[in-house]
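Tertiary structure, described
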Amino acid sequence: MVRMLANRILLGIICWALPCVALFAQHGNLKGTLQDKQTGETIIGGNVFIIGTYKGAVTNENGAYQITDIKPGEYSIRFSYVGYTEQIINGVKIMAGQTVTLNAAITSAEITLNTVEILGEKNLVDLESGKSEAKIGSEEIKDMNVTNVQSIATLQTGVTKTPDGLQIRGGRVYETQYVVDGVNAQDPLAGTGFGVDIAKNAIQEVSITTGGADAEFGDGTSGIIITKTREGGSKFTLSGNYARDNLGFNIHQGPSWNTEQGSIAFGGPILLKKEKEPDKHSAKREPILSFFASGNAALSDDFTRFTANQLHSSLLTNTTAWCPKQDNRWSGTLKFTWRVRPGTKISFSQQQSLNINQNTRSLQIIGNDAIMLPGFQWAFAQNLDNANTYTHKSSLTVLNITHLLREKWTLDATVGRLFTNLRVDANGRPFRYETINQLYDPASIVTNPISLFNPNDSVVYVNPGSGFYNNNGIATLWHDHYAQEYTIKAKITWNPSKVHFLSWGIEHREQEYQWIDVTRPWLGAPIRVNDSTVFSSNRIGQSNDIWKANPATGGIFFQDEIRYKGIIAFLGMRFTYWAPGKFADNAVADPNAPVLQQIRDLYTEQSTPFAGRRFKARLLPKIRVSFPVTENNVLYFNYSHSTRLPHPRFVYAGLDPVYQNRSYLANLGNPNLNPETTVAYEVGIKSQLSANWALTFTAFYNDKFDFIVNSKVTIRDQSGRFVDKAFSINQDYARVRGLELTIQRRWGKWLKATLSTSYQVATGKSNTALESLLQIKSNSSTLIKEQYLAWDRPWDIKAMAVIKPDSNFSIFGLKIRNVRIFITSTYKSGLRYTPVNLAGYESNGRPIYEVEYSKPLSKIGSPWMWTDIRVTKDFFFTKKKNNISLFVELKNIFNQQNAAIVNPVTGRGYTTGDDITNDLRDIRYPNPLDRGMLPDNPARFLEPRQLMLGVGFGF
């Protein structure tokens, strides 16, 4: 019995082992040589590694290597040697029972500044990166129906487009760091997240990092968008396009919003390198000095189809030329590149952008604005010539020097200047006129025909007007701010061995901010009646916030990327510092300035004097680890700290003892505010299932704290009165946790498709600093209870495909050649809203709804869905591939109505006949006390269907 049992066990082991032995026997091998590309000499001690595995080898005295026992499949092979540019060869097929020969030649780092040379088709995922990152190059961007960096970013996993702007992984709009050519390009005062607008044709590459950023960057608490602008090459190029959504006779009809878009780009060599071989074709010569330039315009009357007769701006001298339509966006790029010698390159770039429109989301005064609402000024719909016009000018100048110091040392130095200016005025009117001779406050007045309410009753009312401003009054906001930043940045990279890749550096920004924010600026001007002045004062509007400050910020960083047998570990540390500047220092020291004594003491105690200013600092650790779990399957983990300085308004508002707002609950700045901080955790897996299949799965948790909240304090002003102020402190927090899944599939060279799914939950105590103040004043229970945040959008599903049929592709026997198709489709959870309950009916039969304040933002509105497509047909007319192209862009193909304003009664956008809440007027139930607006705001839905027809060229 025992012998029988032993025989069965032995037989089972043999049956189990034989397939394993057979499988082992079917593994393949890889061999070859490594040499210097320029000299042809073999390289001894070179490193050869199979990416996504633990397998590698070192070249011997003959420059040869051999790697055995490789599981069959397709791999990427990395060749490296100290002092040389790394080379990665993709798509290497290892066959069962065979030995593949793969020779490589790498270039000395003294000749090229490229850190990595990639041969073969680009992999769908980067198995050596522990980041959650998407990189999109100019060739991919060319086929997309996008216009700028923002629209490219919205297509990526974890990035959501809202009425406020872009949000990454449940963060607020302003939490994204925006970098162009190595320099911050974000307006720090506008609150929109972006500053300089970079158009599609000026982009070399866009990198969107949502997790695991380097220590070099410290300001992006939710994500970082890095843009590299194009450079001129060895050939002259000229390209451009023009598109519009109407043919002249169908303006504002159907899928036409009266939109026009145009762009032009050109570049090439100014000075070419002389070749030793005179018969060599000049086109192959590398340029010593090259240039690139582009100009872009995007003009539209917007889908609401309400327009001013003419937009004006007090910031421009000739606004008619710059404002032909309701939304006007201009941008330009100029870049020079000088390759001084092998290993040294200098580039100079200039970016300009100008946006003029009447979208109130162009300025989001952090902490006060209502969030998640469209920026259309509905109350001014009948007279947009008197509404606020927003003019945003930005300029970015960057000088970069990349220099190979030695064989193993590289220096990257950057100097930059950002200037951005935003003006908000009453459609070009001055701050205020010398005298007041009319009524400026906008109002809805009763006009003919007048109707009566209860005409047969003892008390008769006149029915109110429509709610639209119609008394020729003007917008009540006047705003002007500018931000000027000078950046100096230096980074040194050192590769002492094949294991360590070290870099360290410093970034410092000197800043100048000026902020002027006035409501009803005409208050205080002399009043003129019958040619005589009857009243005047030195008052600056009904309320104002005026200050100018010169803060500074920066960081010192160190990082080491360690590669050892397939394991890649990144260890980084950033020492970030900031100084509020002399304006804050002087306010703390001035006994007449409205600074609380407790803040004076804490500011002195918690800051350090240096070079005439007081500084504060914080250490930000960053860790990334990735390692293979099986062939072409890599597990990675990220842990990082990042900070975002509070909006300057929270720091400086009301500190000037002369120019301060003395109205009730005016804002009072806090010089001792700390940055908002995010501690991020992330774990994920990247799988290159085959050469044409890839999968990425990620789980993340972002812990956000020290958000700004407003509380009420009472101080004594210069006149001796006690006044209440809204005072800013670090107290709020938020938590975002989520899962992301991205699947990529490639069918040859003619089709590439991506499907991404994201699920996340964002919760916190309050959405804005003003909301927290209202909670404090009302003793609301929500103050101590975590709630959903207004921008929480749990589901975000995107599908994207690029189709390029080859010359043999046909439909019904008809060959389809030189056609490119880009299609994207999105499903996104709707906006959150607070539910309402039916509480009864008014005497006229109108339902009364009461808000469930105990369940803030607990409901989700109807989902957003849209599908966009771009089809391009190229016509080539020379052997050099010069071409003319025709293209069609169709946005929101199925004309989905996506609610940007949710009716809490129905959970979707208002449609005719829906019940609405009590703060909106309902024409079915006339009421003499109506004061709200009508619910049919055309901006209550996102953009409807739009059809663009265009022509492009390239030489």
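Residues numbered from 1 in each chain as written. Predicted model: local features only at pLDDT ≥ 70, side-chain atom pairs only at ≥ 80, totals over all residues. Heavy atoms only, no water.

1. Section: the sheet that holds strand S9 (residues 116–119)
Read from one edge of the open sheet, five strands run S3-S2-S5-S6-S9, paired in mixed fashion. The strands lining the two open edges of the sheet, one partner per strand, are strand S3 (56–58) and S9. Neighbouring strand axes in the sheet, compared pairwise and without regard to direction, differ in orientation by 20° on average. Pairing of strand S2 (residues 47–50) with S3 involves three bridges; the strand directions are antiparallel. Among the inter-strand pairings, Phe 49 is bridged to a residue of S3, identified as Gly 56. (Pairing = 2+ DSSP bridges. Helix = DSSP H or I, 4+ residues; strand = E, 2+ residues; numbered from the N terminus. Axes fitted to C-alpha atoms, helices over the stretch in contact; angles between N-to-C directions.)

2. With respect to the nonpolar core
In this structure, Trp 547 and Tyr 652 are the most contacted members of the largest nonpolar core, which totals 34 residues. The dominant element in this core, judged by the number of residues it contributes, is helix H5 (residues 582–589), at four residues. When residues no more than four places from it in sequence are discounted, the contact partners of Tyr 652 are Trp 547, Ala 549, Pro 551, Pro 580, Phe 583, Ala 584 and Gly 669. In this structure, Ile 152, Val 183, Ile 198 and Phe 822 belong to the second largest nonpolar core, which totals 30 residues. (Core = buried A, V, L, I, M, F, W, Y, C linked by side-chain atoms within 4.5 Å. Buried < 20%, exposed > 50% of the residue type's maximum accessible area, 1.4 Å probe, protein only. Contact = heavy atoms within 4.5 Å.)

3. Describing the sheet that holds strand S15 (residues 203–211)
One open sheet holds the five strands; their spatial order is S10-S15-S16-S13-S14, and the pairing between them is mixed. Looking at the sheet topology across the chains shown, the edges are occupied by strand S10 (132–137) and strand S14 (183–184). For strand S13 (residues 176–180) and strand S16 (residues 223–229), the ladder comprises five bridges, and the chain directions are parallel. Across the sheet, the residue bridging to Val 179 is Ile 226, located in S16.

4. A few points about the pattern of salt bridges
What the rule picks out here adds up to 45 salt bridges. Among the ionic pairs, Lys 335 bridges to Glu 231, the shortest N-O distance being 4.0 Å. Placement of Lys 335 in strand S20 (residues 327–341) and of Glu 231 in the loop between S16 and strand S17 (237–244) is noted, with a sequence separation of 104 residues between them. Taking the relative accessible area as the measure of exposure, Lys 335 reaches 5% and is therefore buried. We classify Glu 231 as partly exposed; its relative accessible area is 25%. Overlapping salt bridges bring together Asp 181, Glu 231, Lys 335, Arg 339 and Lys 345 as one network. (Salt bridge = Lys/Arg side-chain N within 4 Å of Asp/Glu carboxyl O.)

5. Let's talk about helix H6 (residues 597–606)
When H6 is considered as a whole, its buried residues turn out to be Ile 599, Arg 600 and Tyr 603. One side of H6 carries all its buried residues, which in axial view fall inside an arc of 105°. Pointing more than 90 degrees away from the buried face of H6 are the exposed residues Gln 598 and Glu 605. (Arc of directions from axis to C-beta.)

6. A closer look at the side chain of Ser 349
Note on placement: Ser 349 falls in strand S21 (residues 344–357). Within the structure, the side chain of Ser 349 is placed 3.1 Å from the side chain of Asp 181, a separation counted as a polar contact. Apart from residues lying up to four places away in sequence, Ser 349 is in contact with Asp 181, Leu 334, Lys 335, Leu 396, Thr 397 and Val 398. (Polar contact = N/O pair within 3.5 Å; in protein donor to acceptor, adjacent residues only side chain to side chain.)

7. A closer look at the packing of aromatic side chains
The geometry of an aromatic ring pair is captured by the separation of the ring centres together with the interplanar angle, meaning the angle of the planes. This model, assessed by the stated rule, comprises 29 aromatic pairs. Ring geometry for Phe 306 versus Phe 376: centroids 5.8 Å apart, planes at 45°, classification tilted. With a gap of 70 residues between them, Phe 306 in the loop between strand S19 (287–300) and helix H4 (319–322) and Phe 376 in the loop between S21 and strand S22 (389–404) connect regions that are remote in the sequence. Among the residues examined, Phe 306 registers a relative accessible area of 29% and is labelled partly exposed. Accessibility expressed as a relative area gives 16% for Phe 376, which makes it buried. With 6.5 Å between their ring centres and 50° between their planes, Trp 864 and Trp 866 make a pair best called tilted. Exposure remark for Trp 864: the relative accessible area of 1% places this residue in the buried category. Members of the aromatic cluster, joined through ring pairs, are Phe 306, Phe 376, Trp 378 and Phe 468. (Phe/Tyr/Trp six-rings, centres within 6.5 Å; stacked < 30°, edge-to-face > 60°.)

8. Focus: H5
Taken together, the buried positions of H5 are occupied by Phe 583, Ala 584, Asp 585, Ala 587 and Val 588. Where H5 is buried, its residues touch strand S30 (543–549), H6, strand S34 (613–630) and helix H7 (648–652).

9. What to know about the confidence of the model for the chain
Of the residues in the chain, 91% reach a pLDDT of 70 or more, and the chain-wide mean stands at 87. For the chain, per-element mean pLDDT is lowest for helix H1 (residues 2–25), which scores 47, and highest for strand S49 (residues 859–860), which scores 96. Every residue in residues 13–25 scores below 50 in pLDDT, and together they form two contacts with partners more than four places removed in sequence or on other chains. Contacts of residues 277–283 to residues separated by more than four positions or lying in other chains number four contacts, the stretch itself having pLDDT below 50. (pLDDT = per-residue confidence, 0-100.)

10. Quick word on unusual backbone geometry
Looking along the chain, the bond that leaves Asn 448 and enters Pro 449 is cis, with omega of 0°. One non-glycine residue, Asn 632, lies in the positive phi region at around 65°. In this structure, Asn 632 sits in the loop between S34 and strand S35 (633–644). Here Asn 632 falls in the buried class, since its relative accessible area comes to 8%.

11. Quick word on a nonpolar patch on the surface
The grouping of Leu 238, Tyr 242, Ile 264, Phe 266, Phe 875, Phe 877, Ile 884, Leu 886, Val 951 and Phe 955 at the surface amounts to a nonpolar patch, some 840 Å² of accessible area in total. Those elements that provide at least two residues to the nonpolar patch are S17, strand S18 (259–272) and strand S51 (883–891). (Patch = residues over 30% accessible without salt bridge, like charges linked within 9 Å, V, L, I, M, F, W, Y side chains within 5 Å. Areas by Shrake-Rupley, 256 points an atom, 1.4 Å probe, with all protein chains shown as cover.)

12. Focus on the environment of Trp 338
By the element assignment, Trp 338 lies in strand S20. Considered as a pair, Trp 338 and Ile 516 are 178 residues apart in the sequence and their alpha carbons are 42 Å apart. Among all residues touching Trp 338, those that are not within four sequence positions of it are Ile 288, Leu 289, Thr 344, Lys 345 and Ile 346.

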